[in-house]
There are 2 protein chains.
Amino acid sequence: MIRIIVDMMGGDNGSAATKEAVTNFLKDHDDVEIIAVGNEEEIKDLSCEKIFSTDVSAMDSGVMEVLRKKDSSMVKAIRAVIEKEADAVVSCGSTGAYLSAATLILKKIPGVKRPALVTQFPRLSDGGFITVLDIGASNENTPEEIAQFAYMGSLYNKAVNGVDSPKVALLSNGSEEGKGSPEGKAAFELMSKDPKINFIGNLEGNAVLYGEADVLVSDGFTGNVFLKSSEGAVKGIGKVLKKGFTKNIFTKIGYLFAKGGLKEMKTRMDPKKVGGAMLIGVNAVTVKAHGNSDAFAFYNGIDVAYKLAKAKLIDSIKEGFAGE
Amino acid sequence: MIRIIVDMMGGDNGSAATKEAVTNFLKDHDDVEIIAVGNEEEIKDLSCEKIFSTDVSAMDSGVMEVLRKKDSSMVKAIRAVIEKEADAVVSCGSTGAYLSAATLILKKIPGVKRPALVTQFPRLSDGGFITVLDIGASNENTPEEIAQFAYMGSLYNKAVNGVDSPKVALLSNGSEEGKGSPEGKAAFELMSKDPKINFIGNLEGNAVLYGEADVLVSDGFTGNVFLKSSEGAVKGIGKVLKKGFTKNIFTKIGYLFAKGGLKEMKTRMDPKKVGGAMLIGVNAVTVKAHGNSDAFAFYNGIDVAYKLAKAKLIDSIKEGFAGE
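What you are looking at is a predicted structure, and each value in this text was computed from that prediction instead of being measured. (Residues numbered from 1 in each chain as written. Chains lettered and ligands numbered in written order. Predicted model: local features only at pLDDT ≥ 70, side-chain atom pairs only at ≥ 80, totals over all residues. Heavy atoms only, no water.)

Observations concerning the overall build of chain A
Helix and strand content of chain A: 12 helices and 11 strands. For chain A, the residues scored as buried account for 57% of the 324 residues in total. Residue pairs in contact within chain A that sit at least 24 positions apart in sequence constitute 70% of those at least 6 positions apart. A total of about 13,100 Å² of accessible surface is found on chain A, and carbon and sulfur atoms cover 51% of it. (Helix = DSSP H or I, 4+ residues; strand = E, 2+ residues; numbered from the N terminus. Buried < 20%, exposed > 50% of the residue type's maximum accessible area, 1.4 Å probe, protein only. Contact = heavy atoms within 4.5 Å. Areas by Shrake-Rupley, 256 points an atom, 1.4 Å probe, with all protein chains shown as cover.)

Regarding the sheet that holds strand β3 (residues 49–52) of chain B
For sheets, the rule is that strands pair by backbone hydrogen bonds, running either parallel or antiparallel. All names here are of chain B. Reading across the sheet, the 11 strands line up as β3-β2-β1-β4-β11-β10-β5-β6-β9-β7-β8 and stay open at both edges, with mixed pairing between neighbours. With one partner strand each, in any of the chains shown, β3 and β8 (198–204) form the two edges of the open sheet. Adjacent strand axes in the sheet meet at a mean angle of 25 degrees, parallel and antiparallel pairs treated alike. Direction of pairing for strand β10 (residues 277–280) relative to strand β11 (residues 285–288): antiparallel, over a ladder of 3 bridges. Following the sheet pairing, A277 is matched in β11 by K288. Helix-sheet contacts for helix α5 (residues 95–106) involve β4 (88–91), β5 (116–123), β10 and β11, and the interaxial angle to β11 is about 170 degrees. (Pairing = 2+ DSSP bridges. Axes fitted to C-alpha atoms, helices over the stretch in contact; angles between N-to-C directions.)

Some thoughts on the domain arrangement of chain A
All names here are of chain A. Annotation of chain A at the domain level lists domain 1 (1–112 + 281–324) and domain 2 (116–271). With 16 residues of domain 1 at the interface, the matching set in domain 2 holds 12 residues. Both sides of the domain 1 and domain 2 interface together cover about 1,100 Å² of buried area, and 71% of this is carbon and sulfur. Summed over the shared surface of domain 1 and domain 2, the result is 0 salt bridges. Applying the counting criterion to the domain 1 and domain 2 interface returns 1 residue pair in polar contact (both at pLDDT 80 or more). At the level of secondary structure, the elements contributing two or more residues to the side of domain 1 that touches domain 2 comprise α5 (95–106), α11 (295–310) and α12 (313–320). With 4 residues, α12 is the single largest residue contributor to the side of domain 1 that touches domain 2. Counted by class, the side of domain 1 that touches domain 2 contains 9 nonpolar, 6 polar and 1 charged residues. (Domains from an automatic or database assignment. Buried area = accessible area lost by both parts, 1.4 Å probe. Salt bridge = Lys/Arg side-chain N within 4 Å of Asp/Glu carboxyl O. Polar contact = N/O pair within 3.5 Å; in protein donor to acceptor, adjacent residues only side chain to side chain. Nonpolar A, V, L, I, M, F, W, Y, C, P; charged D, E, K, R; others polar.)

Remarks on the confidence of the model for chain A
Per-residue confidence for chain A gives a mean pLDDT of 87, with 86% of residues at or over 70. Overall fold confidence for the complex sits at a pTM of 0.85, while the interface term, ipTM, reaches 0.80. (pLDDT = per-residue confidence, 0-100.)

A look at the environment of G153 of chain A
Residue and element names in this part refer to chain A. Note on placement: G153 falls in helix α6 (residues 143–161). Along the primary structure G153 and I317 are separated by 164 residues, whereas in three dimensions their C-alpha atoms are 9.9 Å apart. Beyond its immediate chain neighbours, meaning those up to four positions away, G153 contacts T131, L133 and V215.

Quick look at the pairing of strand β4 (residues 88–91) of chain A
Residues and elements named next belong to chain A. With burial as the criterion, each face of β4 is covered, one bearing A88 and V90 and the other bearing V89 and S91. Here 4 bridges tie β4 to strand β11 (residues 285–288), and the two strands are oriented parallel to one another. Paired with V90 across the strands is V287, a residue of β11.

Side note on helix α12 (residues 313–320) of chain B
Residue and element names in this part refer to chain B. Among the residues of α12, those classed as buried are L313, I314, I317 and G320. With its buried residues spanning 130 degrees around the axis, α12 presents them on a single face. For α12, the elements touching its buried residues are α6 (143–161), β10, β11 and α11 (295–310). (Arc of directions from axis to C-beta.)

Here we look at the sheet that holds β4 of chain A
Residues and elements named next belong to chain A. Within the open sheet, the 11 strands sit side by side as β3-β2-β1-β4-β11-β10-β5-β6-β9-β7-β8. Their pairing is mixed. Whereas interior strands pair on both sides, the edge strands pair on one side only; in this sheet they are β3 (49–52) and β8 (198–204). The mean inter-strand angle of the sheet, taken between neighbouring strand axes irrespective of direction, is 25 degrees. Bridging between strand β7 (residues 167–172) and strand β9 (residues 215–217) involves 3 bridges; their strand directions are parallel. In the sheet register, L170 faces β9, and the bridge partner there is V217. Each of β1 (2–7), β2 (32–38), β3 and β4 touches helix α4 (residues 73–83); the most contacted strand, β1, lies at about 165 degrees to it. Where α6 meets the sheet, it contacts β5 (116–123), β6 (128–133), β7, β9 and β10 (277–280), and its direction lies at approximately 150 degrees from that of β6.

In structure tokens, the structure reads:
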């Protein structure tokens, strides 16, 4: 049985979306127990174990504000991981607050210097996914932390995508060795020498989608810029396309015919399919779903938690870092 | 008369592309003198002033290698800016070598701490362009350098796009104040206080294309990642779309009808339309065209140099930095 704690509150779309997701997820899986945390009035009709909370942390809550609100659904959900001996926790509340609260309450896995936010990005060359971290848990990282991210990302990739010795690339401003920030260059050295990392060198942002890397590693600031820039371009093109297609009667007819192709593109690039990011490096599977998750996206967020828990990712990180 | 030195060699497509571009540019403009630098055999039939060189720096030449080759078209072209009292120089040779040679030979404008690579990016909200710098002249920058980039970028934007008080945003991992790398945060402080910069705050990578900023400023490493990630996403989607459209007879018909819309999208996002990047901060307009420029792209590279020279960008930077 996989036990998942779900924070039902704090998303942009209220508890209606999270409730639909939880109900559907339980319907689809008979090896999952969900413990829902939220406002009694809103979640009492859910047919699973429940923990009631009175406070909701607003999406823009600061870290201290959330931690002070001891009865917030987010803090209660994270604490419930320990109390209920659960495998995973999922929330779509404020990212900064969630990361800090999870690190404080669940604590880092021994040997891990710093947790990272990890997600998957579509790899268009073969329809697979590339594991990307850190996408924003930190603002700056030491070379040692980046090398640890590479190892944690490899374990994540193996657990989720089943790749045996995932190829790790370092996000840089040039593909040659010797390119990159000072921290990046030092991380390059460390990863080259580390037998636990299948390091293949630097990768530029324009080569990620069509590259052969399984894991893209970076400091948290640069990784966040990479992710958001790519997302921005995808969204921008979608809008330009739609505008172009509605220009005249011929392009409108074209749009009707082209819908199939566009839909396939959207499915491939859809962040909702990915389901959210995980804070890797703490003592439980900690999934951060998008703040604007609808029921489908939140379902996928729970699914990420379910798969990572089932793959025993936390155990493999604990083993991997036991000697550090 | 605007005098432009053009390095005819060093691009991926040989001198055929650059010759076609120069010939067409001279045909279209009667206030331009071009001095072409290149191999005698290849460029002797060009009807403009010529300087002959014997060496070509390969695209992947290192800095020292280029500088040692004193008879290379690139070094000769940069030197010719001084000898011929030209306004601008254009090359599509190796970026690193070009930047170093231009900085060494043309020298920094007094007061400028560090030159930056600047380019324009399509702003989809209004069909305009956003000026982005530094996109890769440096691997790391001090807060003072970033603030200077913001000011140089403003002068560039005014010269090229005619915006009177360009809105400057700092590329960051969050829109709130207090987000960003330590250098970014310090640069935020400096720009907030600087009366020469119309600073509007942080901007995330996913908000650039639809933001209201005229200038996006960043350290060279992050700016390069931003640019390449966006380019990569655009290219990736193009490929997915094409694949999707050729899936079956209906999507193929759709593609025929949709071509108009797609073509408009491509035109808007086409890096060839932008023409290349400029090294801003040295004593001449120094344009780096894409290494794989065809005649159309290289024409636009010369056009960037022409417009910046005509707008007297170098004079306004010299004036602006006179007190520094």
